[in-house]
Every structure is written in C-alpha cells, then in structure tokens.
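Fold and contact review
Residue strings, one per chain:
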Amino acid sequence: MEKLVTLSRFKQACPFLGRMRTQTLRSLSSLASTRFPALSQLTESATKCPVMGPALQMSSTQMVAGYASVAAQADVQKIHHSKGIFTGLEITDADIAKCPHASAARAAARMAEDLAAAAKAETASATPTAGDVAAGGCPFHKAAAPVPVVGAQNPNQSTFKYEQLFATELEKKHKDQSYRYFNNINRLAGKFPVAHTANVKDEVEVWCANDYLGMGNNPVVLETMHRTLDKYGAGAGGTRNIAGNSAMHLALEKELASLHRKPAALVFSSCYVANDATLSTLGSKLPGLVYFSDASNHASMIQGIRHSGAKKVIFKHNDLEDLENKLKMWPSGTPKIIAFESVYSMCGSIGPINDICDLAKKYGALTFLDEVHAVGLYGPRGAGVAEHLDFEAHQKAGQSPGAIEGSVMDRVDIITGTLGKAYGSVGGYVAGSRDFIDVIRSYAPGFIFTTSLPPASVAGSRASIMYQKHHIGDRALKQVNVRKVKGRFAELDIPVIPGPSHIVPVLVGDAGLAKLASDKLLHEHSIYVQAINYPTVAVGEERLRVTVTPCHTAEQIDGLIHAFDTVFTELNINRTSDWANLGGRANVGIGKDDVKPIWTESQINTAGVPQTLRNGQLAVIDVAAVNVVRNDFEALLGPVDNERKMEDELFRGAVKLAAGTFAKPPRVRATVSNLEVAAAIQIPVSA
C-alpha cells in the first residue's frame, strides 16, 4: 500500500496527475484525510478515479489476505521472540501492540476499511456529468471538486472519526519504532537498587533510574517524610496563593538559595515546569528577547522558549565559536539569554560554563543554566558543575550562603535544578536574584495555577539536600563505580559514548536492536536498562543509558558486564571497533575515547578512599549529616521519637559494615536514636 500511495506510482497509473503541480501532489500526500484518517488526502481522492480506485481496493484486499496467511504459520511465536516480544501467561493489549505483525495487519485492515468507506461515499454521491468530465477529466482536477459552503450540512457526510485518527497516529509511532513502552518497575526501599516487576516475586536490578545516589530510600529522608506526613497530612491544600504556602515550602526555597549561593529560589512541581514557566515568562517580559539555545538542550527548555514567543537562535552543541558568531549578529542593546545545560543526560558531555559566561558578559546576555543532572552529584556540597569548577573555594567557604565573588556559580545568572533525581524526591526549582525570582513568582502561570507540592515531599527534598551538603561520600563512591563500569565496558569493546560525567550511554545505533537488547536484559538477565530512541536521541544513535549508583555492589557490576557482553554477542550489535571501521558514530570509534573525568582523584579522596560495596553490605550513613537534618527540623517536627523502629532498623545497616571485609579505620562512635553506629564515613579501601 505504501508503494501505491507514493507519487511515482500515482503518476504511472493515473494519466491526469501529470497535469498537477508537484508541490500540490506533495501537499496532498502528506496531509491526512479529515474523513478517513488512515488515508492521505491524495489516496482519498484517488478512490474516486476509475483507474486508481479499483487498483487500490485490490491491493488492499491482497495485503490483508497476506497478513492473514502469515498469521496461520506455526512458528509465529518464534517470529515474536526474534523481534523481542516475550508474552506472559496472559496476552494483554500491550503485548498485542508490541507485535510487529499484528500492528502491520491492523494498519492494513484500517486502511482497507477507509478505502471501502471512501469508495462507498463516492458511489453515493451524484454521478458526474459529461460537462464535469470534460472540464476536469479526473477528480484530482480542482474544477471537478465542488467548493463546500462554510457551515452547510452534508447529509451524506459521516462525523469525524476521532478514535481512528488516534489509532493512526499511534500506528505511525509503531512503524518508525519510536513508540514508548513503559515497564512495570517497583523499586524496593529496603533493597535498592532492586525492584520487582508486575509479579511481586519477580525481582530485577535497576540500572537506569535517575535516583543517582539512592536518596529515595535514605533513612533520614524517609524518617523526615514520615514525621511530616503524620503532622501535616498528605496534601498541600491548594496553590501557593491559596493555602499551599507552608513553612516547609519556604524553608526548602531558602535551602536551595543557600545551596547555589543565590539570593532567592522558587520551587515548582517539576523542573520541566520550572524551565518551561521561567523561559516562557522571561520571553513575554523582555522586549525583543533573543534566546541562544544549545542544540542538545532538554525538551523542557525547547518548549519554554517556544511558548515564550521570543526569537530563538540554535548554536551547535558546546560550540563556542558558533555561539559567538551568532551573538555577533545582534545589537548590543538587544536582550539576550544563553540557555544551556551543565550535564547533558543522553551523551554525558559537560557544558563549557565559564567560557559561556565570558561570551555572555562580552555581548550583554544573561545565562540560564540547567543543572538537573548535576545537582547532588558535583561540587563539595552537591550544588552542581558550576560549584565543582571551583571545588576548593566552595569547600573552604563551607555552608555559608553568601556568593563567592567571581566564581563560576556566581557568574551564572539563573540556575534551575530538580529534586527528583540525585535528591530522590520530586519537584524542580529556579534560583537567581531576588527581583528575578519575584517576577517569576508573580507572572508564571506554571507556578501560580499549580497545586503546591505535598509537605512530606517538600520536607523529604530539604532533608536530602541538607544531608548531601554535609556528606560527600555518596557522590564520591558513585564516581568510583562509574569509572569501574566504563573501564570494564572498554575492556570488552562495548561502545560507551565518551564523556567526562557520570552518564554511561552505550551505543546501539538501531531502534529495533535497542528495544530488543533492553528486553533480553530484562527477561533473560533480570537487569532493567531502558532503551533510548528517537526523538530523545537522533535516529541511528539509539542507546542503552546505564545509571551506576553508589549502592550497586561489585557482584551486581559483574553481572551487568556479563549480561551486556552476552546480549551484544547474541544480537550481533556493533562494538567500538566495528563503529571505528564504519567511520564512527556519536563520537564512538573516532579516537575520542580517552576523556578526562571532571572528578579528580584528589576530589574523590576527600571522602577517604571509597570502595564499591559487596553483596550483603549496606551503605554507610553519615551520622553527623543525620544530626544536622534532625536538629534543623526539630522546630517544626519536634525531637525524633526513639521508638521509631522502622527508621532505626535502616540505620542499623551502618553497624553491619564494621563486620565486613573493609579495612577498619579509626572510628568515632555516635548515637542515633537508641542505636550506636559508626560516625566515621571515610572507609580506606582502594578504588
């Protein structure tokens, strides 16, 4: 059917099409019919042609019959498995949707149904007169098509087929392999990074979650959330303007401002909303604003700029020369904002923040930095890459909320971040000058008209930020584990897109193979790594994005490496040397593999000498950081109840480390509730 609806086939079969302009034919072939969504406008018109109409009907009938014959073969299940479709005992609608054969057959059936309906509608219409034929010759000729009267009712015209249009749009996603499948994954707080699937007895290891540090199950975070829930209930009660502006929300914003050493901050329901609301509001308030946007920016930034109505100029990813050439084109008095990210989550590259600040100063622009995949993970206090670039200065300044004049973080005008990744909670925020924040608070619909985050979530976010501000061990150990995984992949020639950050993107290069590899890892190795396809990444650069946490054990890392090696071999997926022979792709196989990590050895070792955990060993809890959190919340929540058995059982894990195989450091004892645990978190083991 696809071949029949191409312009070349139409031109060969219908003598009247030669009279029409190519642009008109192209337009008709790319627009869906409003009456029959499975057809293009060109195909709908072709059903009226005495030559093409019968040909289309015959071809459609043959196609449907062809799919039916394939369905009768005995090895259908084998075909499904070869495509990565593994059904359970009960075949669900989702399983049917995954089947490439069923999807194609369904599309053919829908097209056949629409062709029949279109032909029937044409037969029911008035028979063309000799004059009509002489004037137009073919229904494609515009003279043969009556001009509809606006508002007139046609008794022979059916109502719009909404569901059919929805089905057709979904079919497009299936056809180009960009349809998104959502796995039922339930992370277990007591077993992180383990989760169960739809079957509670079926446990898998999660290797793609953005809970980068495992703070979603940190004991003091859970304790704080439980206490807040007990005292303040489940919901916020309304928008920030209507009953949703609590002491918890105000304290979180103060904490975020302190984290980035900015005068003020504002919390949103997510960082997608924060980016969208902030960028769109700035565009509506700054007259003649021009956005300069990195080509690899996140969808939230793209949408925010689009919603702003402001002029947008896209510069090549991390290309300072291209950015400057485009800044030069605009007068110095034109308002400008350079929007970019610190860590780009799909490739692992890091933005040249200081250099961009130089260009912003030179050309009179503001800087808008998205630190979503960096907050909690970089810097001595976890404020992100902008802090990390002046590591020693920020370390020396400690927890002072004041700006360090001339530092990279001080030079950035606007910083956005998330509470839903490294901090393990939910929400987003923006930080900047006091007046800027007040403008966003006063004008951004995405902030004003949204129900406020629940108090327990807000409290959990603040507890997580405070804990990480006082504890560097988690992010240091994460870097150790990331280096191990990248090194092990390199030894096996498994293609990791090179980058200096914690992101581990494994190149596959094909949407179908990426989905199949993800399914095999899950169903055959109990390892969950989601495939990343278009439009998140470019076609041909599909990948498996691996997330390594400080909680993954040495044995789990061994299992991951073995599983990837096995799946790559079984599916014959290109390795690094294969990409090199093909000229390289996505910076793989072009001699750029040796990228220096942004974390130095000396920075990692400020946490001691972190060592990867082994099975049965639980993460160390920093008692000093726990006490900071508890003391800060005492004014609102009161002292911690010593009888809270759930949280205390989680804290007990620190004691078990002492009985492990670690070399034992000098230890300081401290009391957490009624448990005695190790206060020292510097475990001297080799990286």
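Observations regarding the overall build of the protein
Of the regular secondary structure elements, the protein holds 29 helices and 16 strands. Counting across all 687 residues of the protein, residues that qualify as buried make up 49%. Here the contacts in the protein between residues at least 6 apart in sequence split such that 71% fall between residues at least 24 apart. Summed over all atoms, the accessible surface of the protein reaches about 31,500 Å², with 55% contributed by carbon and sulfur.

Focus on the pattern of salt bridges
Evaluated as defined, the whole model comprises 20 salt bridges. Its salt-bridge partner being Arg411, residue Asp358 comes within 2.7 Å of it at the nearest N-O pair. One end of the pair, Asp358, is in helix 15 (residues 353–363); the other, Arg411, is in helix 18 (residues 408–411), with 53 residues separating them in the sequence. Across the pair Asp558 and Arg488 runs a salt bridge, and its minimum N-O distance is 3.0 Å. Residue Asp558 is located in helix 24 (residues 554–571), and its partner Arg488 is located in helix 22 (residues 473–491); the two are separated by 70 residues in the primary sequence.

Brief notes about the packing of helix 11 (residues 247–259) against helix 21 (residues 455–469)
Interaxial distance between helix 11 and helix 21 falls to 9 Å at its minimum, and their mutual angle equals 25 degrees. It follows that helix 11 is roughly parallel to helix 21 by the angle criterion. Considering the relative orientation of helix 11 and helix 21, their crossing is left-handed. Together, Met248, His249, Ala251, Leu252, Glu255, Leu256, Ser258 and Leu259 of helix 11 and Pro455, Val458, Ala459, Ser461, Arg462, Ile465, Met466 and Lys469 of helix 21 make up the contact between the two elements. Classifying every residue of the contact of helix 11 with helix 21 gives 10 nonpolar, three polar and three charged.

A short note on the sheet that holds strand 11 (residues 504–507)
Across the sheet, three strands lie side by side as 11-14-13; this open sheet has antiparallel pairing. Each edge of the sheet is formed by a strand with only one pairing partner; in this case those strands are strand 11 and strand 13 (531–532). Alignment of strand 13 against strand 14 (residues 543–546), held across two bridges, turns out to be antiparallel. When the bridges of strand 14 are listed, Ala531 appears paired with Leu544.

Notes on the nonpolar core
Counting residues in each nonpolar core, the largest one holds 70 residues, and the members touching the most others are Leu256, Ile338 and Ile353. In this view, Leu256 contacts Ala265, Val267, Leu419, Tyr429 and Ile465; residues no more than four positions away in its chain are not counted. Membership of the second largest hydrophobic core comes to 28 residues, among which are Val506, Leu516, Ile527 and Ile557.

Re the confidence of the model for the protein
Per-residue confidence for the protein gives a mean pLDDT of 83; residues scoring 70 or more make up 74%. Taken as a whole, residues 126–147 scores under 50 in pLDDT and shows 23 contacts with residues more than four places along the chain or in a different chain. Contacts from residues 653–687, a stretch scored under 50 in pLDDT, to residues over four places away or in other chains number 83 contacts.

Describing the environment of Gly428
With respect to the helices and strands, the residue Gly428 is situated in strand 10 (residues 428–432). For the pair Gly428 and Tyr272, spaced 156 residues apart in sequence, the C-alpha separation works out to 7.4 Å. Look past the residues within four positions of Gly428 in its chain and what remains in contact with it is Leu266, Val267, Phe268, Ser269, Ser270, Cys271, Ala274, Gly417, Thr418 and Leu419.

Concerning the side chain of Lys469
In this structure, Lys469 sits in helix 21. When sequence neighbours within four positions are dropped, the list of residues in contact with Lys469 reads Glu255, Ser258, Leu259, Pro380, Arg381 and Gln399.

So, empty space enclosed by the protein
Tallied over the full model, the rule gives four cavities of 30 Å³ or more. Along its surface, the largest cavity is lined by Arg240, His249, Val267, Phe268, Ser269, Gly446, Phe447, Thr450, Thr451, Ser452 and Leu453. Broken down by secondary-structure element, the contributors of at least two residues to the lining of the largest cavity are strand 4 (264–268) and helix 20 (445–448). A breakdown of the residues in the lining of the largest cavity according to their chemical character gives four nonpolar, six polar and one charged.

Brief notes about the sheet that holds strand 12 (residues 527–528)
Pairing is mixed in the open sheet, where four strands are placed in the order 1-2-3-12. The strands lining the two open edges of the sheet, one partner per strand, are strand 1 (186–187) and strand 12.

The rules behind the values
Residues numbered from 1 in each chain as written. Predicted model: local features only at pLDDT ≥ 70, side-chain atom pairs only at ≥ 80, totals over all residues. Heavy atoms only, no water. Helix = DSSP H or I, 4+ residues; strand = E, 2+ residues; numbered from the N terminus. Buried < 20%, exposed > 50% of the residue type's maximum accessible area, 1.4 Å probe, protein only. Contact = heavy atoms within 4.5 Å. Areas by Shrake-Rupley, 256 points an atom, 1.4 Å probe, with all protein chains shown as cover. Salt bridge = Lys/Arg side-chain N within 4 Å of Asp/Glu carboxyl O. Axes fitted to C-alpha atoms, helices over the stretch in contact; angles between N-to-C directions. Parallel < 35°, antiparallel > 145°, perpendicular 65-115°, else oblique. Left-handed = near helix turned anticlockwise from the far one by under 90°. Nonpolar A, V, L, I, M, F, W, Y, C, P; charged D, E, K, R; others polar. Pairing = 2+ DSSP bridges. Core = buried A, V, L, I, M, F, W, Y, C linked by side-chain atoms within 4.5 Å. pLDDT = per-residue confidence, 0-100. 1 Å grid on protein atoms, 1.4 Å probe; cavity = no way out; pocket = protein on both sides within 12 Å on 5 of 7 lines; lining within 4 Å. Points joined across faces, edges and corners; volume = space filled by probe spheres on them.

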